[in-house]
Amino acid sequence: MEGERGEWVVFQVAGELDLVTSPAVRQHVHKAVARGRHAVVLDLSEVRFCDSSGVGVLIAARRLMRSCSGRLRLILPAQGARDGSHVNRVLAALGVRRLFDVYPDLAAATTSTAGPLSA
């Protein structure tokens, strides 16, 4: 689930981001910050379902990273995972998609010169 790409800590999340799995994602992000890592990428390209708990953990991660002058980037491919990007649709429907720096893939998310996709 965790890897590194230069200065970035990368967490790959797959399957469902919900009440059951969200606490683990939150814990991983908190542990990274506690280790002094302030550049985090959440790869959500393989997430098939995201509920309000998942959205809550993303917003909390954003808040945590901002509080320590860190950076949070999400990977949500333009075409989404094989069945479409459920997370992208959920974030857009709730009006919070614009809060996140979203990238189409790991290479773009971990390149400092790459700009995020527009909302």
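These remarks concern the structure in this document. (Residues numbered from 1 in each chain as written. Predicted model: local features only at pLDDT ≥ 70, side-chain atom pairs only at ≥ 80, totals over all residues. Heavy atoms only, no water.)

1. Some details on helix H1 (residues 22-34)
Argument step 1. Here H1 spans 18 Å end to end across 13 residues, near enough to the 18 Å set by a 1.5 Å rise per residue.
Argument step 2. Every buried residue belonging to H1 is among Ser22, Val25, Val29, Ala32 and Val33, and all of these are buried. The arc enclosing the buried residues of H1, seen along the axis, measures out at 100°, which places them on a common side.
Argument step 3. Looking at the buried side of H1, the elements it contacts are strand S2 (8-17), strand S3 (39-50) and helix H2 (52-67).
Argument step 4. Directly beyond the C-terminal end of H1, a positive phi value near 90° is found at glycine 36. (Helix = DSSP H or I, 4+ residues; strand = E, 2+ residues; numbered from the N terminus. Expected span 1.5 Å × (residues − 1). Buried < 20%, exposed > 50% of the residue type's maximum accessible area, 1.4 Å probe, protein only. Arc of directions from axis to C-beta. Contact = heavy atoms within 4.5 Å.)

2. Let's talk about the environment of aspartate 43
Argument step 1. Here aspartate 43 lies in strand S3.
Argument step 2. For aspartate 43, a relative accessible area of 10% corresponds to the buried category.
Argument step 3. For the pair aspartate 43 and leucine 76, spaced 33 residues apart in sequence, the C-alpha to C-alpha distance is 7.2 Å.
Argument step 4. Setting aside chain neighbours within four positions, we find aspartate 43 in contact with Phe11, Gln12, Val13 and Ile75.
Argument step 5. For aspartate 43, the side chain forms a polar contact with the side chain of serine 45, separated by 2.6 Å. (Polar contact = N/O pair within 3.5 Å; in protein donor to acceptor, adjacent residues only side chain to side chain.)

3. With respect to H2
Argument step 1. In this model H2 runs 22 Å from its N-terminal to its C-terminal C-alpha over 16 residues, within 8% of the 22 Å that 1.5 Å per residue would give.
Argument step 2. Among all positions in H2, only Gly54, Val55, Val57, Leu58, Ala60, Ala61, Leu64 and Met65 are buried.
Argument step 3. Looking at the buried residues of H2, the elements they touch are S2, H1, S3, strand S4 (71-75) and helix H3 (86-93).
Argument step 4. At the N-terminal boundary of H2, the capping side chain belongs to aspartate 51, with an oxygen 2.9 Å from the backbone nitrogen of serine 53.

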